[in-house]
Amino acid sequence: MSEEKSLNFIEEIISQDLASGKYESILTRFPPEPNGYLHIGHAKSICLNFGLAKHFGGKTNLRFDDTNPAKEDIEYVDSIKADVKWLGFEWAKECYASDYFDQLYAFAIKLIEKGLAYVDDSTAEEIAQQKGTPTVPGTGNAFRNRSVAENLELFAAMKAGKFADGEKVLRAKIDLASPNMHMRDPLLYRIKRAHHHRTGDTWCIYPMYDFAHGQSDSIENITHSICTLEFIPHRTLYDWCIEQLAIYPSHQYEFARLNMTYTVMSKRKLLQLVEEGYVTSWDDPRMPTISGMRRRGYTPESIRDFCDRIGIAKRENIIDFSLLEFCVREHLNKVAQRRMVVTNPIKLVITNFEKGEEILHSENNPEDPNGGTREVPFSNELWIEREDFMEAPTKKYFRLGPGLSVRLKSAYIITCESFEKDEAGNIKTVFASYNPQSKSGQDTSGIHVKGTLHWVSAKHAIPVTLNEYDRLFNVADLSSADGDFKDYINPNSLNVVKAYAEPALASDVLEARFQFLRKGYFFQDTKSTKDNLIFNRTVGLKDAWAKEQKK
RNA sequence: UGCCUGAUGGUGUAACGGUAGCACAACUGUUUUUGGUGCAGUUUGUCUUGGUUCGAAUCCAGGUCAGGCAACCA
């Protein structure tokens, strides 16, 4: 059975390029600007670029597009490198557009010499005005006719710091009437006195994206430069620069960026959530950032699987959040250690358990035959979930109620005899008897019950804190919702609860993935300590009972 | 009124002139010491109008709708 996975449109292009001999091997790049943290949308691009190289036996560079020092910082460089590594990828070279500043400057001079660039003294407003509109051609100005010699001299003066910020810019001389706005004499260099995180104060002029990106690709001999759809109109300029400069012809291809339901994906909006305190930080587990998802308990495997499943195409999309949840459940189900934790406890007393205490064993992972078992102390006083007892059970309720029997996971079958309420009328204690013949693994009782409950021995329980996360927004498609996106923030995106956990959890390692039985997948928070164990809920289990109840 | 993209079930994504398939979601049934997992199954789709063709999701022409393009941002 050969199940050939069909190629996406970029893979098709690459295999043709390889088959035709256009390239012997391919080189891609992942080119973030270090002005924020990476999010799941970047993960799509990372998986694409690195995945392509892996698939076709090529390489991928990590390149920081650091041409705007006002917004960039080393903090972001470090976080980006950590995130890419965590996702499981290795770059061939670590590059910076700023490493090419001298070369880019030389490229600019070459354009001036060819009469294809000029220094413009106009203000930003004047330039915008003179550009016209998509339906009205732009008009030129007198600066456009400056001589090559004058342009050379003025550009050198710009570099030498002879002018104030914004006083002059270098523009390409292309076509002010072009139907493509990006070809109406685009800006190439601007004067900006800002400290650059790598070049310090060496430069006071910085190249614009359009004069840095394609040339950087070319310098590195990138074969396939892959970006998102909004750069389509830039491609004409990308090609123009490469042609006029007669440098290595990298080619740009575009795919649709990732959108997801119940979240936002723009760095600007994510920054707002952090700065205005809607979340605590960039790595808040509710954030769609790689660091937030890591802290939440997502695995690199599940994110890569997700990126694989969503595919690559040019059509705009909005992916169901449930697909991401599916991917992480699928992986965690295979690897997570099972533990028992009770969040909203009521006391269960086993009236006929005269031993008082017994050490039982429970499998760590039923999906993994080699996963081993752990010791779980059992006693005559246990905690169980309040919702696992019903005073007057309905007919489809498979749990505990007067006269009903259930199995306690990895322990015994019990039968409820009676219960006690407190003054407020809430259930306080449930009394039950156990069947000694029904011990897990050596059950000779012949009894079959429908429900199995998780539990924790009261005497042995350890206190833990659980962060139960839910989606950050309460509408699916934020792009088509009216008004400010912050109006749709889910006020219940975090529910912090105290819980009792089985003692094994205290000695477990920090990096371990857990499934708290019948509750969901959990991961220790970065702020968790031995004395104050905190777990983040990565994702809940599928809950068929909750669905049934809604009916 | 310009230019550039795109349009296949609820959501994604295949089919490259020849059976509209796959995944998620939803819904059944079944198994199960997690109402989890597994297994089996069901439902739902080619934007529109013409044309070419024995045959069109695919090719051609017109239309409609959606998104992008006028930062000294990337």
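Above this text sits the structure in question.
Heads up: these notes are all about the structure in this document. Keep in mind that what you see is a predicted model, and the values were worked out from it rather than measured. (Residues numbered from 1 in each chain as written. Chains lettered and ligands numbered in written order. Predicted model: local features only at pLDDT ≥ 70, side-chain atom pairs only at ≥ 80, totals over all residues. Heavy atoms only, no water.)

1. Details of the overall build of chain A
Scanning chain A for helices and strands turns up 13 helices and 25 strands. At 31 Å, chain A has a C-alpha radius of gyration far larger than the 24 Å of a compact globule built from 551 residues. Overall size of chain A, expressed as C-alpha extent along the three principal axes, is 100 × 55 × 40 Å. Evaluated residue by residue, chain A yields a buried proportion of 52% over its 551 residues. Summarising the internal contacts of chain A: among those between residues at least 6 apart in sequence, 70% fall at separations of at least 24. (Helix = DSSP H or I, 4+ residues; strand = E, 2+ residues; numbered from the N terminus. Rg over C-alpha atoms; globule rule 2.2 N^0.38 Å. Buried < 20%, exposed > 50% of the residue type's maximum accessible area, 1.4 Å probe, protein only. Contact = heavy atoms within 4.5 Å.)

2. Here's the deal with the pairing of strand β14 (residues 373-379)
Every other side chain in a regular strand lies on the same face of the sheet, so the side chains alternate between the two faces. Counting buried positions along β14 gives five out of seven residues, so the element sits mostly inside the fold. One ladder, built from seven bridges, connects strand β13 (residues 357-363) with β14; its direction is antiparallel. The partner of S362 across the bridge, within β14, is R374. (Pairing = 2+ DSSP bridges.)

3. Things to note about empty space enclosed by the protein
Which parts of space are left empty comes out when a probe the size of a water molecule is rolled across the atoms. All chains considered together, the criterion is met by one cavity of 30 Å³ or more. Its boundaries defined by the atoms lining it, the largest cavity holds a volume of some 50 Å³. Residue assignment for the lining of the largest cavity shows that the elements contributing at least two residues are α7 (209-219) and α8 (235-245). The greatest single-element share of the lining of the largest cavity, amounting to five residues, is contributed by α7. Here the residues of the lining of the largest cavity sort into three nonpolar, five polar and one charged. (1 Å grid on protein atoms, 1.4 Å probe; cavity = no way out; pocket = protein on both sides within 12 Å on 5 of 7 lines; lining within 4 Å. Points joined across faces, edges and corners; volume = space filled by probe spheres on them. Nonpolar A, V, L, I, M, F, W, Y, C, P; charged D, E, K, R; others polar.)

4. Section: unusual backbone geometry
Leaving glycine aside, a negative phi is the common case for residues, and trans is the common case for peptide bonds. A positive phi angle, close to 50°, is found at D185, a residue other than glycine. Assessed through its relative accessible area of 0%, D185 is described here as buried. Of note, the phi angle at R518 is positive, near 65°, even though the residue is not glycine. Of note, R518 is situated in the loop between β23 (513-516) and β24 (520-524). Residue classification places R518 among the partly exposed positions, given a relative accessible area of 36%.

5. Some details on the sheet that holds strand β3 (residues 94-96)
An order of β1-β2-β3 is seen for the three strands of this open sheet, with the pairing classed as parallel. Either end of the sheet is taken by a strand with one partner, and the two such strands are β1 (27-30) and β3. Recorded for the sheet is a direction-independent mean angle of 35° between the axes of neighbouring strands. When strand β2 (residues 59-64) meets β3, the two strands line up parallel, connected through three bridges. (Axes fitted to C-alpha atoms, helices over the stretch in contact; angles between N-to-C directions.)

6. Details of helix α2 (residues 40-56)
The end-to-end C-alpha separation of α2 is 24 Å, in line with the 24 Å expected for 17 residues at 1.5 Å each. Most of α2 sits out of view: 14 of its 17 residues are buried. Directly beyond the C-terminal end of α2, a positive phi value near 70° is found at G57. (Expected span 1.5 Å × (residues − 1).)

7. What to know about the protein's contact with RNA strand B
In the vicinity of RNA strand B there are 68 residues, among which E12, E316, R338, S440 and Q515 approach most closely. N68 places a polar side-chain atom, nitrogen or oxygen, 3.1 Å from a sugar or linking oxygen of RNA strand B. At a separation of 2.5 Å, a sugar or linking oxygen of RNA strand B approaches a polar side-chain atom of E316. Among the elements of the structure, α5 (124-130), β6 (187-191), α11 (300-310), α12 (321-335) and α13 (544-550) are those that each provide at least two residues to the surface near RNA strand B. Ranked by the residues each element gives to the surface near RNA strand B, the list is headed by α12, at four residues. Looking at side-chain class alone, the surface near RNA strand B contains 25 nonpolar, 20 polar and 23 charged residues. (Near = heavy atom within 4 Å. Polar contact = N/O pair within 3.5 Å; in protein donor to acceptor, adjacent residues only side chain to side chain.)

8. Some points on α7
With nine of its eleven residues buried, α7 lies for the most part within the structure. What α7 keeps buried is the set D210, F211, A212, H213, G214, Q215, S216, D217 and S218. Of the residues trailing α7, N221 is marked for its positive phi of about 60°.

9. Structural notes on the pattern of salt bridges
A complete count under the given rule lists 35 salt bridges for this structure. With a closest N to O distance of 2.5 Å, R63 and D217 form a salt bridge. One end of the pair, R63, is in strand β2; the other, D217, is in helix α7, with 154 residues separating them in the sequence. The shortest N-O distance in the salt bridge between R471 and E325 comes to 4.0 Å. Taken together, the positions of R471 in the loop between β21 (462-469) and β22 (494-501) and E325 in helix α12 put the pair 146 residues apart, joining distant regions of the chain. A single salt-bridge network, built from bridges that share partners, covers R29, R63, D217 and E220. (Salt bridge = Lys/Arg side-chain N within 4 Å of Asp/Glu carboxyl O.)

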